[in-house]
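Chain and residue survey
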Amino acid sequence: MAGDERDYNLTAEQRATKAKYPPLNKKYEYLDHTADVQLHAWGDTLEEAFEQCVMAMFGYMTDTETVEPLDTVEVEAEGHDMLSLLFHFLDEWLYKFSANEFFIPRVSVLFCSISILWGEEFSLQKHPQGTEVKAITYSAMQICEEEKPEVFVIIDI
């Protein structure tokens, strides 16, 4: 599914939540990939491209504009190079969502290897359900910094 918007058929309550906050500045898109999906994210800095990539991942699971910035969660990621840092960065956020807190973000801030996301606990009653992300992969992972920083990541759905 190419493009940056998914159709979630929002309820009136979800549309009302979305209307309470300014629209997110989305610098990402979803590219078609056999049996999986490829995230393509970019930014003015490499840090912003990483932020946008994690927001793209969560945006595949729900409409992140229906999420309210009620709480913060922080993760720290390390890697021996930039590709492994990106992998572990996304994997840590996926773990945060899947394993214990079910935290879904609305916005993020990245400082070196520490990321803070504002959002709330995911609830099927409040947030539209998209597609579950099972894993992050190294397959075809790219970080490009020539003209504008951009990243490509394939996620297993």
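Please read these numbers as outputs of a predicted model, since none were measured by experiment.

As a further point, take the sheet that holds strand S4 (residues 103-111). Within the open sheet, the three strands sit side by side as S3-S5-S4. Their pairing is antiparallel. Two strands close off the open sheet at either side, each with one partner strand: strand S3 (71-76) and S4. Strand-to-strand twist in this sheet, taken as the mean axis angle between neighbours without regard to direction, amounts to 30°. As defined by bridge partners, S3 adjoins strand S5 (residues 114-121) across six bridges and the pair is classed as antiparallel. Looking across to S5, one finds that Glu74 is bridged to Ile116. Lying over the sheet, helix H2 (residues 46-61) contacts S4 and S5, oriented at roughly 170° with respect to S4.

With that out of the way, let us pick up the confidence of the model for the chain. Detailed reading of the predicted model is not advised wherever pLDDT is low. Mean pLDDT over the chain works out to 89, with 94% of the residues at or above the 70 mark. By mean pLDDT, the top-scoring element of the chain is strand S7 (residues 142-144) (97), and the lowest-scoring one is S4 (83).

Summed over the entire model, instances satisfying the criterion amount to seven salt bridges. Residues participating in the shared-partner salt-bridge network are Lys20, Glu68, Glu120 and Lys126.

Turning to the layout of surface pockets, a few remarks are in order. Each pocket or cavity is described by its volume, and for the largest pocket that value is around 180 Å³. With three residues, helix H3 (residues 82-101) is the single largest residue contributor to the lining of the largest pocket. Taken as a whole, the second largest pocket spans an internal volume of roughly 150 Å³. For the second largest pocket, the full set of lining residues is Leu24, Asn25, Lys26, Tyr28, Glu51, Gln52, Met55, Thr64, Arg106, Val107 and Ser108. Where the lining of the second largest pocket is concerned, the elements lending two or more residues are H2 and S4. By residue class, the composition of the lining of the second largest pocket is four nonpolar, four polar and three charged.

What the rule picks out here adds up to seven aromatic pairs. With centroids separated by 4.9 Å and ring planes inclined at 65°, the aromatic side chains of Tyr30 and Tyr60 adopt a geometry described as edge-to-face. Of this pair, Tyr30 sits in strand S1 (residues 28-33) while Tyr60 sits in helix H2, and the two are 30 residues apart along the sequence. No difference in accessibility class separates Tyr30 from Tyr60, as the two residues are buried. An aromatic cluster is defined as three or more aromatic residues linked by ring pairs; in this entry it consists of Phe58, Phe97, Phe102 and Phe122. The ring of Trp42 is capped by Lys148, whose NZ or CZ atom sits 4.8 Å from the centre of that ring.

Now for the side chain of Asp63. Here Asp63 shows up in the loop between H2 and S3. Judged by its relative accessible area of 7%, Asp63 falls in the buried class. Separated by 2.7 Å, the side chains of Asp63 and Lys18 make a polar contact. Within the structure, the side chain of Asp63 is placed 2.9 Å from the backbone nitrogen of Glu65, a separation counted as a polar contact. Discounting chain neighbours no more than four positions away, the residues touching Asp63 are Tyr8, Leu10, Lys18 and Pro128.

This next bit is on a negative patch on the surface. Taken together, Glu47, Glu145, Glu146 and Glu147 make up a surface patch of like negative charges. Here Glu146 lies in the loop between S7 and strand S8 (150-156).

In this section: the pairing of S1. Across six bridges, S1 lies against strand S2 (residues 36-42) in antiparallel orientation. In the strand pairing of S2, Asp32 is matched with Val37. Where S1 folds back onto S2 in an antiparallel hairpin, the turn is made up of two residues, including Ala35, whose phi is positive at roughly 65°.

About the criteria used
Residue indices begin from 1 for each chain and proceed along its sequence in written order. The predicted nature of this model means local features are confined to residues of pLDDT at least 70 and side-chain atom pairs, given and counted, to a pLDDT of 80 or more, with totals for whole chains, interfaces and linings taken over all residues. In computing side-chain values, all of the structure's heavy atoms are included and hydrogens and water are not. Pairing between strands is defined by DSSP: at least two bridges between the two strands are required. Elements are defined by DSSP. Helices are runs of H or I of four residues or more, strands are runs of E of two residues or more, and each kind is numbered from the N terminus. For helices, the fitted axis covers only the stretch in contact; all axes are lines through C-alpha atoms, and the angles between them, taken along N-to-C directions, range from 0 to 180 degrees. Contacts are assigned to residue pairs with any non-hydrogen atoms lying within 4.5 Å of each other. pLDDT: the predictor's confidence for each residue, scored from 0 to 100. A pair is scored as a salt bridge if a Lys or Arg side-chain nitrogen falls within 4 Å of a carboxyl oxygen belonging to Asp or Glu. Method remark: on a 1 Å grid restricted to protein atoms, a set of points is classed as a cavity if a 1.4 Å probe fits but cannot get out and as a pocket if it is open with protein on both sides within 12 Å along at least five of seven lines; lining residues have an atom within 4 Å of a point. Grid points are joined across faces, edges and corners, and a volume is the space filled by probe spheres set on the points. Classification convention: Asp, Glu, Lys, Arg as charged; Ala, Val, Leu, Ile, Met, Phe, Trp, Tyr, Cys, Pro as nonpolar; all other residues, Gly among them, as polar. Only centres within 6.5 Å qualify two rings of Phe, Tyr or Trp (six-membered ring in Trp) as a pair; their planes then separate them into stacked at under 30 degrees, edge-to-face at over 60, and tilted for everything else. Remark: exposure states derive from per-residue accessible area (1.4 Å probe, protein chains only) relative to the maximum for the residue type, with buried under 20%, exposed over 50%, and partly exposed in between. Charge over a ring is defined by NZ of Lys or CZ of Arg lying within 6 Å of the ring centre and within 35 degrees of the ring normal. Counted as a polar contact is a pair of N or O atoms within 3.5 Å, where, for protein atoms, one must be capable of donating a hydrogen and the other of accepting one, and residues adjacent in sequence contribute only when both atoms are in side chains. Two distance rules govern patches: like charges are joined within 9 Å, and nonpolar side chains (Val, Leu, Ile, Met, Phe, Trp, Tyr) within 5 Å, applied only to residues with over 30% relative accessible area and no salt bridge. Here the open area of atoms and residues is found with the Shrake-Rupley method and a 1.4 Å probe, where only the protein chains shown may cover a residue. Asp and Glu count as negative and Lys and Arg as positive, but His and the ends of the chain are not part of the count. By convention, the point assigned to a charge is CZ for Arg, NZ for Lys, CD for Glu and CG for Asp.

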